[in-house]
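Here are the chains, one letter per residue:
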Protein chains: 2
Amino acid sequence: MFTLLHRQKGSDARTGRLVTAHGAVDTPAFVVVATRATVKAVEPQALVDIGVQIAISNSYHLHLRPGGETVASLGGLHGFSGWRGPTMTDSGGFQVFSLGAGKEHGVGKVASIFPGEQPAANHYRQGKSLVNLTEKGASFRSIIDGSEHFFSPESVIELQRQLGSDIALVLDECTSPLHDYEYTKTAMERTHRWAQRSLDTFAGRVRSTGQPDPNPGQVLFGIVQGGSYEDLRKHSARVIGKMEFAGFAIGGSLGRSKEDMHHVLDWTIPLLPAGKPKHLLGIGEIEDIFAGVRRGIDTFDCAAATRIARNGTVFLQEAPRHRINLRNARFRDDPRPIDERCDCFTCKHHSRAYLSHLCRAGEFSFYRLATLHNLRFLVRLMEGIRTAIEGDALDKMESEWLANVANGP
Amino acid sequence: MFTLLHRQKGSDARTGRLVTAHGAVDTPAFVVVATRATVKAVEPQALVDIGVQIAISNSYHLHLRPGGETVASLGGLHGFSGWRGPTMTDSGGFQVFSLGAGKEHGVGKVASIFPGEQPAANHYRQGKSLVNLTEKGASFRSIIDGSEHFFSPESVIELQRQLGSDIALVLDECTSPLHDYEYTKTAMERTHRWAQRSLDTFAGRVRSTGQPDPNPGQVLFGIVQGGSYEDLRKHSARVIGKMEFAGFAIGGSLGRSKEDMHHVLDWTIPLLPAGKPKHLLGIGEIEDIFAGVRRGIDTFDCAAATRIARNGTVFLQEAPRHRINLRNARFRDDPRPIDERCDCFTCKHHSRAYLSHLCRAGEFSFYRLATLHNLRFLVRLMEGIRTAIEGDALDKMESEWLANVANGP
């Protein structure tokens, strides 16, 4: 299902083709985040026009509402949402983490990864854990109605069968950057046992419920854990890498800085099977994409591009840090599009001045227009990266992008 | 600019063609509400696909943000928003009313006109007037930043020149249903003097600012006032109807019930020039559209269709009161579109179950999808009404629609 096409000279960067039951994905690729079976503010059909190849939804959120059975009865995520292309589902491990240790510690994946914004502060308000974690699984209360729920490696496989994603992920325990070595090790070892139980369950996928199987072509990815500890990450990569997964994700805490994250990638990727696809969970800043691609990551997902769009921040290659905020007063009368070279709907039709007005006025139409731009920007970035790798020119592209960081818009 | 095409036998209902500087409008027509130069949750380009003919924006809101000069510098509303079709602008009189007497009285245009919802309760919280009204005009404070502003009949003509709408409306004083006869009469007489000042100013439209005139083809409509008092309404229709306006709007308080509103229409429309277009301001419930068309109204605008959409309420011909709320539990697993005979984007692509999920989850993508449906529904309703009038069959159509009110979806 995954074919390596070209490895850049003197680098681990590679292009590939990931074939799923709902179409192929050219890699490296950005996976758009459609947590609750929609990208926020954008209907599924518009993603096709942008050139989006693959979307990731969240098992935890869809379990709570509308529930796996409802999605299955409507033809799985593809039938339910109308997005007909390749789809991943995250297992819910990160959400269990968010309700548990993440909530107690008040932190996300990497505390400092998004300078200038609190890392998903709305998701991880500090407080008491809402999760009871045992070897069997995790019980937790619904954030919607307080009802009790239980996730096990097995139940999450069944849930994702109902969702019918093309790529399912195993249930893992995400540790926080503030967990110590001992706890991180204990959690990692449990995650490894859960991974095997997940594989066993997936191999004999239960169809005894009498419900239709919305996607018999579904495959399962394993997740490497181990926090920011070198020996744990290497051990996890070896253990998970030997299991019969169709692909692998790097999950959990990636340390306290971008350097920590680079170390995690350097420790783990070489120990995973080279011929299988590798996904970096929840990371998608532009410089992180370059750093990940250079180390052999094939796919990325990150909610930041859509979240910052709704706050007025749009991507631009030349701007400082590749972004401008349309709330800035200098855009009020600016007749230019966000990016004169961009081919997205927003740039083809609207000025910075109009977008600035919609943003200041809090108009919902702004959320969609800004999100369309940011997603198209990432799609084009990934196209550029694939072309650069094919031409053994990724270093050149990366240095051009980094050189641009200093220039104004 | 307005051509009467057909008058239904035994009725004042008529079809017509209203030609503006940005295209023609077949009447009777629904004018979609784009208060701040966007329909809420829908980008301007999508309106073309729905078949929307004309949009109305609000001078008051656009004056406060981004300001008339900014809009003029970007090519007027058409250049600014990207909506290239016919456009009206309301003068701001209703907003002055909302901040003044409407706020003191805690009411809107017609207290009981939208059963089941407080009439625009969010706009008209009871409290002290924020407006100081004199013969010269109205001074008020910005709801955005508290800054002082002044609207006069003259300044509002200049503001709408900057906005470049195809149809501008005079500044009027909207009285509340709770105003007594004496006050309503005083306000009406002032509105008549303001109407003449507006016409005089419009005739010699000021271009001395050196700013470009975004729409030299703009025309001006007068507004009939007089509350729900028969002699005042008839007097106002005679006075305003004699002035050289390109068309007329029925504004202000329409009484305390739908019957009161029908009386206001019956008193005023026969006294206005038959050959000129007539707009009913802020009214657009389905039964009100039939009632207005039957009495000779050519265009309607109303924010309810888009506002209720965002709350989950979508139109359906057969449903009780022509609407269902997608939050209702019975739609959670319903694989059908909102309306199997509807040709809108939403009905072509999405199930009630998916829309119900998006609505419950508070996803922004829902707001757009529901709004697209409701607007397309009204566009088709108006098409049907025009066809019915041409075939002298409006009574038949209306009774079919009213008969459907009793049926379930």
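If you're wondering where the values come from, they're calculated on a predicted model, not measured in any experiment.

Thoughts on the overall build of chain A
So, step 1. Scanning chain A for helices and strands turns up 16 helices and 16 strands.
So, step 2. In terms of overall size, chain A behaves like a compact globule, its C-alpha atoms giving a radius of gyration of 20 Å where 409 residues would be expected to give roughly 22 Å.
So, step 3. Principal-axis analysis of the C-alpha atoms gives chain A an extent of 60 × 50 × 40 Å.
So, step 4. Taken over 409 residues, chain A has a buried fraction of 55%.
So, step 5. Look at the contacts in chain A between residues 6 or more apart in sequence, and 69% of them connect residues 24 or more apart.

Regarding the interface of chain A and chain B
So, step 1. Each partner contributes residues to the interface: chain A has 34 residues there, and chain B has 34 residues.
So, step 2. Secondary-structure elements contributing two or more residues to the side of chain A that touches chain B are α3 (68–73), α4 (76–81), α14 (352–360) and α15 (364–390) of chain A.
So, step 3. Class assignment for the residues of the side of chain A that touches chain B results in 14 nonpolar, 11 polar and 9 charged.

Some words on the nonpolar core
So, step 1. One finds Val31(A), Val32(A), Ala55(A), Leu355(A), Val31(B), Val32(B) and Ala55(B) to be the most contacted residues of the largest nonpolar core, which totals 218 residues.
So, step 2. In this view, Val32(A) contacts Val39(A), Leu47(A), Val52(A), Ala55(A) and Leu375(A); residues no more than four positions away in its chain are not counted.

Notes on helix α14 (residues 352–360) of chain B
So, step 1. Among the 9 residues of α14(B), 8 are classified as buried, and the element is accordingly described as predominantly covered.
So, step 2. Of all the positions in α14(B), only Arg352(B), Ala353(B), Tyr354(B), Leu355(B), Ser356(B), His357(B), Leu358(B) and Cys359(B) are classed as buried.
So, step 3. Tucked inside the fold, the buried residues of α14(B) contact α3 and α4 of chain A together with α15 (364–390) of chain B.
So, step 4. Among the residues trailing α14(B), Gly362(B) stands out with phi positive, at a value near 65 degrees.

Some thoughts on unusual backbone geometry
So, step 1. A cis amide bond links Thr27(B) with the next residue in sequence, Pro28(B), at an omega value of 0 degrees.
So, step 2. Residue placement: Pro28(B) occurs in the loop between β3 (23–27) and β4 (29–33).
So, step 3. Across the junction of Arg65(B) and Pro66(B), the peptide omega takes the value 5 degrees, indicating a cis bond.
So, step 4. Checked against the element boundaries, Pro66(B) lands in the loop between α2 (59–64) and α3 (68–73).
So, step 5. The phi dihedral of Ala41(A) is positive, around 75 degrees, even though this residue is not glycine.
So, step 6. Phi at Asp392(B) is positive, roughly 50 degrees, even though this residue is not glycine.

Here we look at the relation of the copies chain A and chain B
So, step 1. Each copy of the sequence occupies a distinct position, and chain A is placed on chain B by a rotation of 180 degrees and an axial shift of 0.0 Å, giving an RMSD of 0.0 Å. One copy is carried onto the other by what is essentially a two-fold rotation axis. Among all residues of chain A, the one whose C-alpha sits closest to the rotation axis is Phe364(A), at a distance of 3.5 Å.
So, step 2. Comparing interface residues between copies, 100% of those in chain A also sit at the interface in chain B, which points to an isologous, same-surface contact.

Side note on the confidence of the model for chain A
All names here are of chain A.
So, step 1. Mean pLDDT over chain A: 91, with 91% of residues reaching 70 or higher.
So, step 2. This stretch, residues 111–126, has a pLDDT under 50; its non-local contacts, to residues over four places away or in other chains, come to 22 contacts.
So, step 3. Taken over the whole predicted complex, pTM reads 0.93, whereas the ipTM for its chain interfaces reads 0.93.

Notes on the packing of helix α8 (residues 181–203) of chain B against helix α9 (residues 230–242) of chain B
Residue and element names in this part refer to chain B.
So, step 1. At their nearest, the axes of α8 and α9 sit 11 Å apart, and the two run at 5 degrees to each other. Here α8 lies roughly parallel to α9, going by the angle between them. Contacts between α8 and α9 involve Thr184, Lys185, Met188, His192 and Ala195 from the former and Leu232, Ser236, Val239 and Ile240 from the latter.
So, step 2. The residue inventory of the contact of α8 with α9, partitioned by class, reads 5 nonpolar, 3 polar and 1 charged.

As for the pairing of strand β6 (residues 87–90) of chain B
All names here are of chain B.
So, step 1. Burial along β6 is two-sided: Thr87 and Thr89 facing one way and Met88 and Asp90 facing the other are all buried.
So, step 2. By the bridge criterion, 4 bridges tie strand β5 (residues 54–58) to β6 in an arrangement that is parallel. In the sheet register, Ser57 faces β6, and the bridge partner there is Thr89.
So, step 3. As paired strands, β6 and strand β10 (residues 167–169) are joined by 2 bridges and run parallel to one another. Bridging from a neighbouring strand, Thr89 pairs with Ala168 of β10.

A short note on the domain arrangement of chain A
Residues and elements named next belong to chain A.
So, step 1. Split by domain assignment, chain A resolves into domain 1 (2–302) and domain 2 (314–406).
So, step 2. For domain 1 versus domain 2, the distance between C-alpha centres works out to 27 Å.
So, step 3. On the domain 2 side, the residues contacting the 25 residues of domain 1 number 19 residues.
So, step 4. Elements with a contribution of two residues or more to the side of domain 1 that touches domain 2: β2 (14–20), β4 (29–33), α1 (44–50) and α11 (286–294).
So, step 5. Examining the composition of the side of domain 1 that touches domain 2, we find that 5 residues originate from one element, α11, more than from any other.
So, step 6. The class makeup of the residues in the side of domain 1 that touches domain 2 is 15 nonpolar, 5 polar and 5 charged.

Looking at the environment of Cys359(B)
All names here are of chain B.
So, step 1. As for its position among the elements, Cys359 is in helix α14.
So, step 2. Cys359 sits in the buried class, given 24 other C-beta atoms within 10 Å.
So, step 3. For Cys359 and Ser59, which are 300 residues apart along the polypeptide, the C-alpha to C-alpha distance reads 31 Å.
So, step 4. Residues in contact with Cys359, not counting those within four places in the same chain, are Gly312, Leu326, Arg327 and Phe366.

Structural notes on α9(B)
So, step 1. If you check α9(B), its first and last C-alpha atoms are 18 Å apart, about what 13 residues at 1.5 Å a residue would give, namely 18 Å.
So, step 2. Against the buried residues of α9(B) lie α8, β11 (219–224), β12 (247–250) and α10 (258–268) of chain B.

Criteria and cut-off values
- Residues numbered from 1 in each chain as written.
- Chains lettered and ligands numbered in written order.
- Predicted model: local features only at pLDDT ≥ 70, side-chain atom pairs only at ≥ 80, totals over all residues.
- Helix = DSSP H or I, 4+ residues; strand = E, 2+ residues; numbered from the N terminus.
- Rg over C-alpha atoms; globule rule 2.2 N^0.38 Å.
- Buried ≥ 20, exposed ≤ 12 C-beta atoms within 10 Å, placed from the backbone.
- Contact = placed C-beta atoms within 7 Å.
- Nonpolar A, V, L, I, M, F, W, Y, C, P; charged D, E, K, R; others polar.
- Core = buried A, V, L, I, M, F, W, Y, C linked by C-beta atoms within 7 Å.
- Least-squares fit on C-alpha atoms with pLDDT ≥ 70 in both.
- pLDDT = per-residue confidence, 0-100.
- Axes fitted to C-alpha atoms, helices over the stretch in contact; angles between N-to-C directions.
- Parallel < 35°, antiparallel > 145°, perpendicular 65-115°, else oblique.
- Pairing = 2+ DSSP bridges.
- Domains from an automatic or database assignment.
- Expected span 1.5 Å × (residues − 1).

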